[in-house]
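# Summary of the model geometry
Chain by chain, the residues run as shown.
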Protein chains: 2
Amino acid sequence: MLSFCGQDRCSVDANGRLKLSPKVVADFTGKCGGQVVMHCLPEGAIAIYPEEIYLEMRRQETLPAAKAANSMVFRRSMRRFGAMSSPESISNQGRVTLPQAFREYAAVNPGSEVFVVGVEIGIEIWNTERWAEEIDRMNEHAREKGEREMAADLLPGDNISNN
Amino acid sequence: MLSFCGQDRCSVDANGRLKLSPKVVADFTGKCGGQVVMHCLPEGAIAIYPEEIYLEMRRQETLPAAKAANSMVFRRSMRRFGAMSSPESISNQGRVTLPQAFREYAAVNPGSEVFVVGVEIGIEIWNTERWAEEIDRMNEHAREKGEREMAADLLPGDNISNN
DNA sequence: CATAATATTCCATTATAATCCATTTTAGTC
DNA sequence: GACTAAAATGGATTATAATGGAATATTATG
């Protein structure tokens, strides 16, 4: 039934809390009973996933202790996911509290307007200007990829796969 | 269920003690009854692991006596883990005392603010400035890796996996 | 134009964190 | 061996921050 779609403009209150739209709240309560995980992305936004989605993301790591003892790269990976993730719950009134460190990281200030963006498996909270830049970046990438695909279609021998 | 996550800003008291957040204390008491091992990392921070996690880290070392007799590299490894680790316990009020030598190593001074960082298998205590640098380092690495992945997505032949 | 629903702001209550104080233990010196 | 001094540990109190709820206002739909 098409969960976690669309874009909403929302405001963060003075205490760093965000009121989610009834549609988004319904998507979360249906999937995980309101238990979610917030995660800071390298792209500079805060992702919010149902808990089970996040656990699936991290399930790949086996024997973490042994690897951590010997590898700085592995420790950095654990540190990144540990420090940049936090379990939270959606309140009865459909609000979530964004941890202070995450707000600073994502430039989501109390009292500011943000974009709540559906990403099919969850949502992302974006600073308004960063979201505009990200749209440009996504479109530019897709356009460039399309141009290359068109150019490749001109070459002989490729015609079977392309309609 | 998603232990040792997030970042907390905490202050070290005049006696070098640190009050842990109730969430972190609960994670430790659930895992090991409050018996922990402190360990100085090469990154310049103090890690605190449940005792069983630390034992798992060191379990790989088989026949240590025989290897120690013949290898300076191995002796150095044993020496590092020995000197840089110390068993401690979390007090009834959720406080831990950081050994003096560890405090100096990690630049965690009595009366200063530190970051308590979740790393999924335990926590790390970071000097504030060092933690800011470490975040920059992790983000720069993730950003560079992402850029290379995006560039690779433009190349022909990759299209199957990336839809 | 009116009514209903959703959103935002403000206030009150609860919980958490930090500082300060007291008691106990250990070490050193006489 | 005993006494004194210093340091540390445990506990309690006060202050600040956060969370939850309620009320009012605005927007949308009928």
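Residues numbered from 1 in each chain as written. Chains lettered and ligands numbered in written order. Predicted model: local features only at pLDDT ≥ 70, side-chain atom pairs only at ≥ 80, totals over all residues. Heavy atoms only, no water.

Next up on the list: the sheet that holds strand 8 (residues 123-127) of chain B. Strand order in the open sheet formed by six strands is 1-7-8-4-3-5 (chain B), and the pairing between neighbours is antiparallel. A strand with exactly one partner marks an edge of an open sheet, and here the two such strands are strand 1 (7-11) and strand 5 (85-89) of chain B. Going across the sheet, the axis of each strand differs from the next one's by a mean of 25°, ignoring polarity. With five bridges connecting them, strand 3 (residues 35-40) of chain B and strand 4 (residues 46-50) of chain B associate as antiparallel partners. Bridge pairing links B:His39 to B:Ala47 in strand 4 of chain B. Sitting on the sheet, helix 4 (residues 72-83) of chain A touches strand 1, strand 7 (113-118) and strand 8 of chain B, and the angle it makes with strand 7 of chain B is about 100°. With respect to the sheet, helix 1 (residues 22-32) of chain B is in contact with strand 3, strand 4 and strand 8 of chain B, its orientation differing from that of strand 4 of chain B by roughly 45°. (Pairing = 2+ DSSP bridges. Helix = DSSP H or I, 4+ residues; strand = E, 2+ residues; numbered from the N terminus. Axes fitted to C-alpha atoms, helices over the stretch in contact; angles between N-to-C directions. Contact = heavy atoms within 4.5 Å.)

Screw-axis analysis of chain A against chain B gives a translation of 1.8 Å along the axis, an RMSD of 0.7 Å, and a rotation angle of 23°. Comparing interface residues between copies, only 6% of those in chain A also lie at the interface in chain B; the contact surfaces differ. (Least-squares fit on C-alpha atoms with pLDDT ≥ 70 in both.)

Attention shifts here to the sheet that holds strand 1 (residues 7-11) of chain A. All names here are of chain A. Across the sheet, which stays open at both edges, the six strands sit in the order 1-7-8-4-3-5 with antiparallel pairing between neighbours. Looking at strand neighbours, the two that pair on one side only are strand 1 and strand 5 (85-89), the edges of this open sheet. On average, adjacent strands in this sheet sit at an angle of 25° to one another, irrespective of strand direction. Here strand 1 pairs with strand 7 (residues 113-118) via five bridges, running antiparallel. Within strand 7, the position partnered with Ser11 by the bridge is Glu113. Running at roughly 105° to strand 4 (residues 46-50), helix 2 (residues 51-58) makes contact with strand 3 (35-40), strand 4 and strand 5 of the sheet.

Considering all chains together, one arrives at one cavity of 30 Å³ or more under this definition. A volume near 40 Å³ is recorded for the largest cavity. Lining the largest cavity are A:Ala68, A:Arg75, A:Met78, B:Tyr49, B:Val119, B:Ile121 and B:Glu124. When its residues are assigned to classes, the lining of the largest cavity shows five nonpolar, no polar and two charged. (1 Å grid on protein atoms, 1.4 Å probe; cavity = no way out; pocket = protein on both sides within 12 Å on 5 of 7 lines; lining within 4 Å. Points joined across faces, edges and corners; volume = space filled by probe spheres on them. Nonpolar A, V, L, I, M, F, W, Y, C, P; charged D, E, K, R; others polar.)

Surrounding DNA strand D, one finds A:Asn15, A:Arg17, A:Gln93, A:Arg95, A:Thr97, B:Asn15, B:Arg17, B:Ser91, B:Gln93, B:Arg95 and B:Thr97. Counting only atoms of DNA strand D within 4 Å of the protein, the sugar-phosphate share comes to 26%. For DNA strand D, a base nitrogen lies 2.5 Å from a polar atom in the side chain of B:Gln93. Residues of the surface near DNA strand D, tallied by class, amount to no nonpolar, seven polar and four charged. (Near = heavy atom within 4 Å. Polar contact = N/O pair within 3.5 Å; in protein donor to acceptor, adjacent residues only side chain to side chain.)

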